[in-house]
Amino acid sequence: MHVSRNKANVQISGVGQVPTKTSQKVRATVKSRLSKYCEVMEFYVLAKVTEDLPTSPVEPTSWTVPEGVQLADPEFFRTNPIDVLLGGEFFFNFFPSKQRISLGAGLPSLVESVFGWIVTGRCGWNRGEAPIVCQHSTVTETLEEIMTKFWECEDGGFTSDYSVEESTCEDHYVRTVKRGGDGRYTVGMPKSADLHIKLGESKSAADRRLLFLERRLARDDDLKKEYHAFMKDYLDRNHMCKIIEDPTSTATTYYLPHHPVIRSSSTTTRVRVVFDAHQDDLRTIISRSRLFPILLVADVEKMFRQIRMDAEDLPLQRIRWRFSEDDPIDTYELLTVTYGTKPAPFLATRTLKQLSVDDATKYPLAAVRIARDVYMDDVITGAYHPAEAKQIREQLDTMTLGAGFPLRKWVSNCEEALEGVSEDNLALPRETGIDFDEERTVKTLGLVWEPKTDTFRFKIESTLIPPNELTKAKILSIIAKIFDPLGLVGPVVAKAKIFMQGIWELKNAKGKPWDWNDPLPKSMLDEWMQFYEQLHYLNNLRIPRFAMIPNPIHIQLHFCSDASEKALGANLDNPFPGSS
């Protein structure tokens, strides 16, 4: 057993725990008594292992303990700190004789161990108000996290220095990035020093997930067809390849599970397979786009998959797959940056930044836009004049295509800016003759934009929900879907947030927080329905996307704010844009 007082809160091994204040005598005793029964044991060294036990004192005066029995802890009935917590891996090695003595009905038993006789079982006494100590842990995408993002949507945002982890990733990127003769980039995966320990065995888990996936696909022919088409596209584009595994290889490997994500609103790919960098924030990019009379929008086609991974890191991007359940399961390696992995967003956005640096001389207009006006795979930029807009669009197309990042689904409120773009690469078809569709919209960065009128819109889906289904969880999930990063309908969002606060403050008859799945009290249901039934009116709003006037002579910015007991409101306005 290896224990060090200087290793507090550092993992040495996972079979036991020892508090930092444990005496040398206790450690020596444990080591001597375990040495002949167990392999060498190593421990976590913690400031505190667990709560003091027993949680309440025990009264053993009426118990009859046989003479000659040496208890491992003669003061077991007193509440004291725990010195050592032994892991279950070696638990039964501590009881070689398996002898047991009952102290009577309703009383505990004595069990012989290498430490002496241990008292175990129910004590048969009234706990009274003694606390019950327990723990429950779960790791998942919780509704609380979704609500946190909803509140953070109005955060002004700020830039800060790199964290230690970000600096490490940046240094690694600069050292490993390469650009090939075809213009495409190859990057290395940032890795921690103890990666092999954290990853563990993953192949069997990946196989189980694949079998589960196959059962799901067998129940949905359309989904199965699209899933197989996606994987075939991966193969055809040389974004993954089948490999023959080498059993003698010492390379660290990881097998990614995969599953479908269905996007019914997508105009391109309905099913995406998900294999479980500093940019300007969303609000900044959208706000900047409102300064230009002409808006240009596009997205990078399969952005992550256009960047190759260094061959050294390919074993970390393995998957298990087969196109037929009659075939054996094969191993594939994903050859490009993989959507769903933790470093993927950094590697992709950082590579676009690198492109803007590498090609700044050849494409100065495009380089500025790629460095400044891209959020993930969305390009949203602008220009003051049609000729300038067309030049920017042409430079963007040429520069990104040269690095293997083709732009697709172009859209603009200026037809001249899109001259030369093929029909199949437009987000909306060109107008020919009389256009009876006055609501041709595109969705960019979460906002609905109508290019013909150059206005932002809202599309709120409100369906009638029976009152008995309007639970705390259901209402909070509805509120979280109101997306308004620019604060265009701030008063509506504020009212939703105030209602949300009221839900969090609800208590049941026992004074405990309202259960997630319980319907709300009638008073709150009436208030909610009055609000919810009016939400659809937001769909009638048309908010000018362009926030300026052409060729202003002088600009004044007016800031107003006010507060009530429940909310603070602020507004930045320019009521006299033409004044001097």
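Details of the structure are given in the entry above.
Below is a short write-up of the structure. (Residues numbered from 1 in each chain as written. Predicted model: local features only at pLDDT ≥ 70, side-chain atom pairs only at ≥ 80, totals over all residues. Heavy atoms only, no water.)

### Observations regarding the environment of Thr455
Thinking step 1. Here Thr455 lies in strand β21 (residues 455-457).
Thinking step 2. For the pair Thr455 and Arg545, spaced 90 residues apart in the sequence, the C-alpha separation amounts to 4.8 Å.
Thinking step 3. One polar contact links Thr455 to Thr453, side chain to side chain, over a distance of 2.7 Å. (Helix = DSSP H or I, 4+ residues; strand = E, 2+ residues; numbered from the N terminus. Polar contact = N/O pair within 3.5 Å; in protein donor to acceptor, adjacent residues only side chain to side chain.)

### Examining the environment of Gly340
Thinking step 1. In this fold, Gly340 is placed in the loop between β15 (330-334) and α8 (344-358).
Thinking step 2. With 36 residues separating them along the chain, Gly340 and Phe304 place their C-alpha atoms 10.0 Å apart.

### A closer look at the pairing of strand β5 (residues 109-113)
Thinking step 1. Counting buried residues along β5, 4 of its 5 residues qualify, which places the element largely inside the surrounding structure.
Thinking step 2. As paired elements, strand β4 (residues 100-102) and β5 share 3 bridges and run antiparallel to each other. Counterpart to Ile101 in the pairing with β5 is Leu110.
Thinking step 3. Counting the residues between successive antiparallel strands, the hairpin from β4 to β5 contains 6 residues, one of them, Gly104, with a positive phi of roughly 125 degrees.
Thinking step 4. Pairing of β5 with strand β6 (residues 116-120) involves 5 bridges; the strand directions are antiparallel. The partner of Leu110 across the bridge, within β6, is Val119.
Thinking step 5. Two successive antiparallel strands, β5 and β6, enclose a turn made up of 2 residues. (Buried < 20%, exposed > 50% of the residue type's maximum accessible area, 1.4 Å probe, protein only. Pairing = 2+ DSSP bridges.)

### Focus on the packing of aromatic side chains
Thinking step 1. Per the stated rule, a full pass over the model turns up 10 aromatic pairs.
Thinking step 2. When the ring of Trp321 is compared with that of Phe323, the centres are 5.4 Å apart and the planes differ by 85 degrees; the resulting orientation is edge-to-face.
Thinking step 3. Judged by relative accessible area, Phe323 falls into the partly exposed class, the value being 32%.
Thinking step 4. Where Phe499 meets Trp528, the ring centres are 5.4 Å apart and the plane angle is 40 degrees; that geometry is what we call tilted. Separated by 29 residues along the polypeptide, Phe499 in helix α12 (residues 490-505) and Trp528 in helix α13 (residues 522-532) bring together distant segments of the chain.
Thinking step 5. With a relative accessible area of 0%, Trp528 lands in the buried category.
Thinking step 6. Three or more aromatic residues link up through ring pairs in this structure, and these residues are Phe499, Trp528, Phe531 and Tyr532.
Thinking step 7. Between Arg305 and the ring centre of Phe230, over which it is positioned, the NZ or CZ distance is 5.4 Å.
Thinking step 8. We note Arg305 situated over the ring of Tyr234; from NZ or CZ to the ring centre the distance is 4.0 Å. (Phe/Tyr/Trp six-rings, centres within 6.5 Å; stacked < 30°, edge-to-face > 60°. Lys NZ or Arg CZ within 6 Å of the ring centre and 35° of its normal.)

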